[in-house]
Structure formats: C-alpha cells, structure tokens
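Each chain, written out:
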Amino acid sequence: MLIQLNRCNICHLPNFAGIENVPRLAGQREDYLLKSLRGYKDNSRRGYDAQMADVVTPITDTDFADLAHFLARAK
C-alpha cells in the first residue's frame, strides 16, 4: 500500500490525525491534499517541513491522486 511504502503513517500517525506540527490528513478535502502533495514535489509549497519534498520526490502524480482519494475518505 502507498501509505506504508511512503511512510505517511509514521509522521502523520496510523490514523492520519497528525500531532503537534504534523498536520492531520484524514478527512481533508481531496483537491487540497492533491494540491499540497504536488506543491511539495515542485517546491512551490513553502514554509513547511523540507522533509516532505524528499518523501514525495519519487511518487508519481497517479499515486498522488490515489493517496489524496484514500486520505480524504479516512476517518
């Protein structure tokens, strides 16, 4: 699964609720999640943890869409 492969569940927690400065992903709008992931990859999303750029670099846009779809529906 993309979540485990890309370690989303480690920083954002297994329920994707986030903690402290790590944002909640569960239940966010799908378009927002997709835009954010793309922004981390193309480096247009500033002021956030630089580690995200490293994490998303190898992920394809198709995988971004799948991740955003899954996370938007996560409770």
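Residues numbered from 1 in each chain as written. Predicted model: local features only at pLDDT ≥ 70, side-chain atom pairs only at ≥ 80, totals over all residues. Heavy atoms only, no water.

Looking at the packing of aromatic side chains
And then number 1: With the rule as written, the count across this model stands at one aromatic pair.
And then number 2: Ring geometry for Phe16 versus Phe70: centroids 6.0 Å apart, planes at 90 degrees, classification edge-to-face. Remark: Phe70 occurs in helix H5 (residues 61-73) and Phe16 occurs in the loop between helix H2 (8-11) and helix H3 (30-42); sequence separation between them is 54 residues.
And then number 3: Note on Phe16: relative accessible area 7%, which makes it buried. (Phe/Tyr/Trp six-rings, centres within 6.5 Å; stacked < 30°, edge-to-face > 60°. Helix = DSSP H or I, 4+ residues; strand = E, 2+ residues; numbered from the N terminus. Buried < 20%, exposed > 50% of the residue type's maximum accessible area, 1.4 Å probe, protein only.)

Some thoughts on H3
Residue pairs spaced three or four apart in an α-helix point in one direction, given the helix's 3.6 residues per turn.
And then number 1: Relative to the 18 Å expected for 13 residues at 1.5 Å per residue, H3 spans 18 Å between its end C-alpha atoms, a close match to the ideal helical length.
And then number 2: For H3, the complete set of buried residues consists of Leu33, Leu34, Ser36, Leu37, Gly39 and Tyr40.
And then number 3: Structurally, H3 contributes buried residues whose contacts are with helix H4 (51-56) and H5.
And then number 4: Following H3 by one or two positions, Asn43 has its phi on the positive side, about 65 degrees. (Expected span 1.5 Å × (residues − 1). Contact = heavy atoms within 4.5 Å.)

Quick look at the confidence of the model for the protein chain
For any part of a model where pLDDT is low, the fine detail of the predicted coordinates should not be relied upon.
And then number 1: Within the protein chain, residue pLDDT values average 91, and 97% of them lie at 70 or more.
And then number 2: At the low end of the mean pLDDT range in the protein chain sits helix H1 (residues 2-5), at 85; at the high end sits H5, at 96. (pLDDT = per-residue confidence, 0-100.)

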